[in-house]
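Spelled out from the first residue to the last, the chains are:
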Amino acid sequence: MKPVVSTHSSILSGVAIALSFGLSEMPAIAFVPEPKYTQIETYSTEIPDGEGNTDPTDIYYPVLSDSEALPIALFLQGALVDKADYANYASLVARYGFIVVVPNNERSVFNPVTEEVLTGLLPEPRQVNDTLNYFNEQNSNPAFPLAGIVDTDTLGLLGHSLGGFIGLSIIQNICPPISCPAEFTRPEAVKAGIFFGANFRLSPATDFFPPVNNDGIPTALIQGDRDSVGLPSSAEATYLQIQDPPKALITVLGANHYGITNEDNPIRDPNSPTLDQAIALGTIARWSALFLRAHLLDDADAFGYIYNSGDASDENVTVVSERQTVPEPAATFTLLIFGIIGGFVLKRRSPLS
């Protein structure tokens, strides 16, 4: 056995001393809510809808250094907003460790208020079933770019505006008549959902917000306080009606209804944002991704950011929330040794209280 040089010996002795006293003596290293991955890939495909049609779809996923299964994050678009307008948001969320699926779903619906038929890009609940069917079929296909890395048992919902309303419907295992021409059943894979600029007001003609029976599925809303399309008061009323914690309402200060898109849309939301678009989008993506990490991956650091520290550390948001239990990951220790004459840094991740 080769002898250990003295510099390395002193480093390891220091580690042994630290361990012998327990890591309570070591200074805590604050969680930095940065993306886990630096690079992403995109893949464009067509997802069948089971009725002979297909949805053009963009898929965003991180470049992996080793083989691991990643959960799905299905994004449900806002009414008449093209999937390309969410490219920056989807790319950022993917970097936190998700396969982000952004379909274009075109259909026609009858608007009972205006008594007109509206045709265009409009999400609907069956997209969650179509997405899971697609990945279950493709995951074992060696020609599929994501073969073997899709966790088809774990899916989180994302959405914007009408897409958030549809997401809230999926979570409740219900299908509003204008959104559901066929029978719908929520897949067991749906584990959490977080939606921007959304609420669950059943009729625009009333201010009635029914209970959101989320069946124990963690549910959150992100809301721009400059939003004149999906009003902050409607998001607040919906949050109060979410029946089961964990739940959260994250308000992004200075963002309007299109803070989640690549560019602002002053025609559809005349309230100009006071927060830079890139900052607003990055904030919405970060909170979306960490909420899903907390509840899809039992990430204790992400959980702590959402329910404890994030509000204080992010000057652009305010948060109200209710939580139940905290993830209990196994304690992990990471030893980083720098150079041949360096020191040591010991990092501890411990369950949150």
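Because the structure is a prediction, the values reported are computed rather than measured.

## Thoughts on the packing of helix α2 (residues 87–94) against helix α6 (residues 277–296)
At a minimum axis separation of 9 Å, α2 and α6 run at an interaxial angle of 40°. One finds that α2 runs oblique with respect to α6. Considering how the two elements wind past one another, α2 and α6 form a crossing that is right-handed. Between α2 and α6, the residues in contact are Asn88, Tyr89, Leu92 and Val93 and Leu281, Gly282, Ile284, Ala285, Ser288 and Ala289, respectively. Across the contact of α2 with α6, the residue classes break down as seven nonpolar, three polar and no charged.

## Concerning the packing of α6 against helix α7 (residues 300–313)
Where α6 meets α7, the axes come as close as 6 Å, and the angle between the chain directions of the two elements is 130°. As summarised for this structure, α6 and α7 are arranged oblique, according to the angle between their axes. For the pair α6 and α7, contact is made by Arg286, Trp287, Leu290, Phe291, Arg293, Ala294 and His295 and by Ala302, Phe303, Tyr305, Ile306, Tyr307, Gly310 and Asp311, respectively. Grouping the amino acids of the contact of α6 with α7 by side-chain chemistry returns nine nonpolar, two polar and three charged.

## Some remarks on the confidence of the model for the protein chain
Caution is warranted with low-pLDDT regions, since their predicted coordinates should not be read in detail. On average, residues of the protein chain carry a pLDDT of 84, and 82% of them reach 70 or more. Taken as a whole, residues 1–28 scores under 50 in pLDDT and shows 22 contacts with residues more than four places along the chain or in a different chain. Taken as a whole, residues 326–353 scores under 50 in pLDDT and shows 60 contacts with residues more than four places along the chain or in a different chain.

## Observations regarding unusual backbone geometry
Along the chain, Pro245 connects to Pro246 via a cis peptide bond; the corresponding omega equals 5°. Tracing the sequence through the fold places Pro246 in the loop between α5 (232–241) and β10 (247–252). Backbone geometry places Ser161, a non-glycine residue, at a positive phi of 55°. Mapped onto the elements, Ser161 comes out in the loop between β7 (150–160) and α4 (162–171). Phi is positive for Asn173, close to 60°, though the residue is something other than glycine. Topologically, Asn173 is positioned in the loop between α4 and β8 (190–196). Asn173 sits in the partly exposed class, given a relative accessible area of 35%.

## A word on the sheet that holds β7
In space, the nine strands of this open sheet follow the order β1-β2-β4-β3-β7-β8-β9-β10-β11, with mixed pairing throughout. Two strands in the sheet have a free side with no partner beyond their single neighbour: β1 (40–48) and β11 (317–322). Averaged over all pairs of adjacent strands, the angle between their axes in this sheet comes to 20°, without regard to strand direction. Pairing of strand β9 (residues 219–224) with β10, which is carried by six bridges, proceeds in the parallel orientation. Of the residues in β10, the one forming a bridge with Gln223 is Thr251. The strands touched by helix α3 (residues 126–138) are β1, β2 (54–62), β3 (70–76), β4 (99–103), β7 and β8; relative to β1, the strand with the most contacts, the crossing angle is about 110°. Together, β3, β7, β8 and β9 form the strand contacts of α4, whose direction differs from that of β7 by roughly 135°.

## Thoughts on the environment of Phe200
Within the element layout of this structure, Phe200 appears in the loop between β8 and β9. Using a relative accessible area of 2% as the deciding quantity, one classes Phe200 as buried. Here the alpha-carbon distance between Phe200 and Pro211, two residues eleven residues apart in the chain, equals 8.8 Å. Ignoring anything within four residues of it in the chain, the contact list for Phe200 reads Phe165, Leu168, Ser169, Gln172, Ile174, Phe209, Pro210, Val212 and Thr238.

## As for the pairing of β4
The buried fraction of β4 amounts to five of the five residues, a majority that puts the element mostly inside the structure. Neither face of β4 is exposed, since Ile99, Val101 and Pro103 on one face and Val100 and Val102 on the opposite face are all buried. As defined by bridge partners, β2 adjoins β4 across four bridges and the pair is classed as antiparallel. Note that in β4 the partner of Asp58 across the bridge is Val102. Relative to β4, β3 runs parallel, the two sharing three bridges. Note that in β4 the partner of Ile72 across the bridge is Ile99. Following the backbone out of β3, through α2 and into the adjacent parallel β4, one traces a crossover that is right-handed.

Criteria and cut-off values
- Residues numbered from 1 in each chain as written.
- Predicted model: local features only at pLDDT ≥ 70, side-chain atom pairs only at ≥ 80, totals over all residues.
- Heavy atoms only, no water.
- Axes fitted to C-alpha atoms, helices over the stretch in contact; angles between N-to-C directions.
- Helix = DSSP H or I, 4+ residues; strand = E, 2+ residues; numbered from the N terminus.
- Parallel < 35°, antiparallel > 145°, perpendicular 65-115°, else oblique.
- Left-handed = near helix turned anticlockwise from the far one by under 90°.
- Contact = heavy atoms within 4.5 Å.
- Nonpolar A, V, L, I, M, F, W, Y, C, P; charged D, E, K, R; others polar.
- pLDDT = per-residue confidence, 0-100.
- Buried < 20%, exposed > 50% of the residue type's maximum accessible area, 1.4 Å probe, protein only.
- Pairing = 2+ DSSP bridges.
- Right-handed = clockwise from strand over helix to strand, strands pointing away.

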